[in-house]
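Secondary and tertiary structure notes
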Amino acid sequence: MKLISLPAFADNYLWLWQQDSLAVVVDPGDAQPVLEALAREGLTLAAILVTHHHADHIGGVDALRQATGAQVFGPAREDIPNPFTPVMDADHLELLGHKVQVIDVPGHTAGHVAYFVATAPEGPVLFCGDTLFSAGCGRVFEGTPAQMLASLDTLAALPGNTRICCAHEYTLSNLRFASAVEPHNRALHTYTTHCQALRAQGRPTLPALLATELQINPFLRTRHPDVRHAVAHHAGLGNTNATDDVAVFAALRQWKNDFK
């Protein structure tokens, strides 16, 4: 199982999962990079997986379907270009010899899903769209902070060696914010140096490793005393809200929204 990140737009990654001469693409907001990669690698596109309805994730779906005949899978509760096969939590797909589990992760959008491949030979793989980023998470547009926190809790419970294939190269920006929240987190400083070196070489910081994210991502660490204290201080939370999981998460997300 080979993972190829195809850059698109300003900071998107379209993930191409290659198995022998077949491939699956995730969130193809633009068809052209995918078609070029298929031609370059001599691949046949077997399926298209969509995590949510935003244009930079679905913009190339129709063109790819027409060019390749690939079957499209997408969240049942979102407006995905037809025809597509709707999927929801606990569904399982059989793709390229692997079982793919669908996980509902509402928050960024109301019907957002993720796709988890537990049997990938080099460790599990998670295609999570805009729910979880390295050192960050997506904005809460259509869902609620409670939904987003629950979605992140679900993803945080996956095996630590899970490779996180998210849809944007936001890592360095997210790490700047994470460092403001936890300035004394040594693992965070080490990871920042590592990611800065990757980007200086023009290489992606992704996939990220879930075990690392649990050490450095403030949105997966909202119950850690250092994160709670920082958020409570920044947002002026009272004693009750400072111990309320959803209130802390919501204040942290707002802090990130306003962070410069």
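Note that this is a predicted model, so its numbers are computed, not measured.

**Structural notes on the nonpolar core**
- Judged by nonpolar contacts, the single largest core of 64 residues is most densely connected at W17, L93, L95, Y115 and F127.
- When near neighbours in sequence (up to four residues on either side) are disregarded, F127 contacts L3, W15, W17, V26, T51, A114, Y115, V117 and C165.
- If you look at the next biggest cluster of nonpolar residues, it comprises 22 residues, including L6, A70, V72 and I80.

**Describing the sheet that holds strand β5 (residues 71-75)**
- Taken in spatial order, the six strands line up as β1-β2-β3-β4-β5-β6 in an open sheet, and their pairing is mixed. The open sheet has two free edges, formed respectively by β1 (2-8) and β6 (85-87), since each of these has just one partner strand. Pairwise comparison of adjacent strand axes, ignoring direction, gives a mean angle of 25 degrees for this sheet.
- With five bridges joining them, strand β3 (residues 22-26) and strand β4 (residues 44-49) adopt parallel strand pairing.

**Here we look at the sheet that holds strand β13 (residues 163-166)**
- The six strands lie next to each other as β7-β8-β9-β10-β13-β14, forming an open sheet whose pairing is mixed. Of all strands in the sheet, those with a lone pairing partner are β7 (92-95) and β14 (208-209), marking the two edges.
- Both β7 and strand β8 (residues 98-104) contribute to a ladder of four bridges, which runs antiparallel. By the bridge assignment, H92 is partnered in β8 with Q101.

**Observations regarding helix α8 (residues 225-235)**
- Within α8, the full set of buried residues consists of V227, R228, A230, V231 and A232.
- Each element contacted by the buried residues of α8 is listed here: α5 (171-181) and α9 (245-258).
- Positioned one or two residues after α8, G236 has a phi angle of 65 degrees, which is positive.

**What to know about the packing of aromatic side chains**
- Inspection of every chain in the model, using the stated rule, returns seven aromatic pairs.
- A ring pair is formed by F177 and F259, whose centres lie 5.2 Å apart and whose planes are at 70 degrees; its orientation type is edge-to-face. With F177 in helix α5 and F259 in the segment after α9, the pair connects residues that are 82 residues apart, well separated along the chain.
- Here F259 falls in the partly exposed class, since its relative accessible area comes to 26%.
- Here a set of aromatic residues connected by ring pairs shows up, and it is made of F177, F219, F249, W255 and F259.

Definitions and cut-offs
- Residues numbered from 1 in each chain as written.
- Predicted model: local features only at pLDDT ≥ 70, side-chain atom pairs only at ≥ 80, totals over all residues.
- Heavy atoms only, no water.
- Core = buried A, V, L, I, M, F, W, Y, C linked by side-chain atoms within 4.5 Å.
- Buried < 20%, exposed > 50% of the residue type's maximum accessible area, 1.4 Å probe, protein only.
- Contact = heavy atoms within 4.5 Å.
- Pairing = 2+ DSSP bridges.
- Helix = DSSP H or I, 4+ residues; strand = E, 2+ residues; numbered from the N terminus.
- Axes fitted to C-alpha atoms, helices over the stretch in contact; angles between N-to-C directions.
- Phe/Tyr/Trp six-rings, centres within 6.5 Å; stacked < 30°, edge-to-face > 60°.

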